[in-house]
Amino acid sequence: MACENFQQQLNNLQQERRQLASTMEYLQGAGLQAAQAQLANLDANIARTQSDLDLCLAQDAQAQNPQPQTVTGRVDRIRCIKARKEIGPDEPYILIAGLDMLGFIGTPPASLAVPSIRVVKIGPWSGVDKNETHYAFSLEAPDRPLFWDLDGQARHIAHPEDVMFLVAVVENDGASPDAIREAVQVILQESKWSNLSRVYNALRDTLISSMTGAIDTARIAGLTPGHLNADDRIGRVQHLALTPDDLDHLQNLEPVEKSLTFTQTKSTGRVLNSYEVTFSFEV
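Nothing here was measured: the structure is a model prediction, and the numbers come from that model.

J.: Talk me through helix α1 (residues 2-24); I want residue IDs and the actual numbers.
T.: Helix length check: α1, at 23 residues, gives a terminal C-alpha distance of 33 Å against a target of 33 Å (1.5 Å per residue), a fit within 8%. Taken together, the buried residues of α1 touch α2 (29-64).

J.: Report on the environment of F137, specifying residues and quantitative values.
T.: Relative to the helices and strands, F137 is located in the loop between β6 (133-135) and β7 (155-156). Along the sequence, F137 and V75 sit 62 residues apart, while their C-alpha atoms lie 9.2 Å from each other.

J.: Explain the side chain of T212 residue by residue, including any values.
T.: Turning to its location among the elements, T212 is positioned in helix α4 (residues 200-218). Among all residues touching T212, those that are not within four sequence positions of it are R233 and V237.

J.: An account of the packing of helix α3 (residues 177-193) against α4 is requested, with residue identities and associated values reported.
T.: The interhelical angle for the contact between α3 and α4, taken along N-to-C directions, is 145°, at an axis separation of 9 Å. In this structure, α3 crosses over α4, and the sense of that crossing is right-handed. When α3 is examined against α4, the residues I180, A183, V184, I187, L188, S191 and K192 are found in contact with a partner set consisting of T206, L207, S210, M211, A214, I215 and A218.

J.: So what's going on with the confidence of the model for the protein chain? Which residues, and what values?
T.: Summing up the model confidence of the protein chain, the mean pLDDT is 89 and the portion of residues at 70 or higher is 93%. When mean pLDDT is compared element by element in the protein chain, strand β10 (residues 238-240) scores highest at 98, while strand β3 (residues 104-105) scores lowest at 65.

J.: Describe the packing of aromatic side chains, listing the residues and the values that go with them.
T.: Per the stated rule, a full pass over the model turns up six aromatic pairs. Plain terms: the ring middles of F147 and F279 are 6.1 Å apart, the flat faces sit at 90° to each other, and that makes the pair edge-to-face. Remark: F279 occurs in strand β12 (residues 271-282) and F147 occurs in the loop between β6 and β7; sequence separation between them is 132 residues. When sorted by exposure, F147 lands in the same class as F279, which is buried. A centroid spacing of 5.9 Å and a plane angle of 40° characterise the contact between F165 and F281, whose relative ring orientation is tilted. Of this pair, F165 sits in strand β8 (residues 163-171) while F281 is found in strand β12, placing the two residues 116 residues apart along the sequence. Judged on exposure class, the residue F165 and its partner F281 are both buried.

J.: Outline the packing of α1 against α2, supporting the account with residue identities and numerical values.
T.: Running from N to C, α1 and α2 cross one another at 160°; their axes reach a closest spacing of 9 Å. When the interaxial angle is binned, α1 and α2 end up roughly antiparallel. As α1 runs across α2, the sense of the crossing is left-handed. Taken together, the residues of the contact of α1 with α2 break down into 15 nonpolar, eight polar and five charged.

J.: With reference to specific residues and values, describe α3.
T.: Over its 17 residues, α3 runs 25 Å from end to end, which matches the ideal 24 Å to within 8%, given 1.5 Å per residue. All of the buried residues along α3 are P177, I180, V184, Q185, L188, S191 and K192. The buried residues of α3 all sit within an arc of 140° when viewed along its axis, so they share a single face. Tucked into the core, α3 has its buried residues touching β2 (92-100), β5 (116-122) and α4.

J.: Which residues make up the pattern of salt bridges, and what values do they have?
T.: Under the criterion given, the structure shown has 14 salt bridges. Residue R77 pairs with E257 through a salt bridge whose shortest N-O separation is 3.2 Å. You can see R77 sitting in strand β1 (residues 70-82) and its partner E257 sitting in strand β11 (residues 256-265), a full 180 residues away along the chain. Residue classification places R77 among the partly exposed positions, given a relative accessible area of 21%. We note a salt bridge from D216 to R233, for which the minimum N-O separation is 2.8 Å. Of this pair, D216 sits in helix α4 while R233 sits in strand β9 (residues 232-233), and the two are 17 residues apart along the sequence. The exposure class of D216 is partly exposed, given its relative accessible area of 28%. Salt bridges linked by common partners bring D76, R77 and E257 together as one network.

J.: Give me the lowdown on the nonpolar core, citing residues and values where you can.
T.: Grouped together as the largest cluster of nonpolar side chains are 33 residues, with contacts concentrated most on V75, I94, I96, W125, F147, F279 and F281. At the level of elements, β1, β2, β5, β8, α5 (244-251), β11 and β12 are the ones that each hand at least two residues to this core. Apart from residues lying up to four places away in sequence, F279 is in contact with R74, V75, D76, I96, F147, V167, L240, V256, E257, K258, S259 and L260.

Rules used in this analysis
- Residues numbered from 1 in each chain as written.
- Predicted model: local features only at pLDDT ≥ 70, side-chain atom pairs only at ≥ 80, totals over all residues.
- Heavy atoms only, no water.
- Helix = DSSP H or I, 4+ residues; strand = E, 2+ residues; numbered from the N terminus.
- Expected span 1.5 Å × (residues − 1).
- Contact = heavy atoms within 4.5 Å.
- Axes fitted to C-alpha atoms, helices over the stretch in contact; angles between N-to-C directions.
- Left-handed = near helix turned anticlockwise from the far one by under 90°.
- pLDDT = per-residue confidence, 0-100.
- Phe/Tyr/Trp six-rings, centres within 6.5 Å; stacked < 30°, edge-to-face > 60°.
- Buried < 20%, exposed > 50% of the residue type's maximum accessible area, 1.4 Å probe, protein only.
- Parallel < 35°, antiparallel > 145°, perpendicular 65-115°, else oblique.
- Nonpolar A, V, L, I, M, F, W, Y, C, P; charged D, E, K, R; others polar.
- Arc of directions from axis to C-beta.
- Salt bridge = Lys/Arg side-chain N within 4 Å of Asp/Glu carboxyl O.
- Core = buried A, V, L, I, M, F, W, Y, C linked by side-chain atoms within 4.5 Å.

As structure tokens, then:
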């Protein structure tokens with residue numbers, strides 16, 4: 001019934017557009033301008049309704065004959081909740097370690113389960129201040145890679161523990177974001193080999209600790225006495241987890257949005273910086 005409603009709406013909009021277009025050749029001046037504006041609005045409504053109809057039909061087909069859906073994961077936006085006072089606005093960036101937990105090396109029966117790891121950097125955004133939201137689409141393409149799949153292509157996720165995403169927010173000052181990303185990649189690769197036998201949650205906690213240490217070490221590497229402005233890790237490294245309900249939504253061709261908040265505080269508990277990062281998964 002829902003798809004029939006979208007189809008009827010689309011038919012009505014298309015009919016209204018045809019009727020309007022047929023009268024426009026007789027209009028001029030203000031009347032023509034008003035008709036052109038109405039036509040543009042109709043075209044936008046037609047495009048939205050066509051998209052809704054296409055999704056509805058695809059969801060019906062998926063419900064009747066379920067097929068594994070390939071998923072992409074990306075950062076959508078970052079919101080600055082609080083920024084400490086310093087010279088100039090902040091320049092935050094995001095580090096995401098993605099793990100494909102179904103990775104293997106070798107060929108059966110001599111294969112070994114070894115998670116594949118890829119660390120990506122999103123940003124930095126420039127000129128970020130309190131109460132501002134900045135979107136990933138404003139970044140250059142190399143600074144907004146997908147974080148799933150690990151090669152940047154869409155791929156199916158069958159179970160929450162088939163993947164692991166670890167996320168850090170860092171504020172860029174005097175260090176190199178690319179060097180920090182590379183350091184995290186190297187440390188996590190080393191850490192995984194020492195922890196292959198750990199269960200999912202234990203491996204997650206170990207890799208979070210390794211990622212935190214890698215950032216804290218790399219952020220001060222190369223600084224000189226005359227230039228000691230290290231990049232700041234904002235709060236703790238966090239696990240971006242998918243739930244069975246999330247995967248059900250994706251299987252039904254519905255996008256999933258997730259958010260994490262990263263807060264940096266002083267020893268007294270006073271908040272220095274706080275950011276909310278929003279991620280989107282879609283088929």
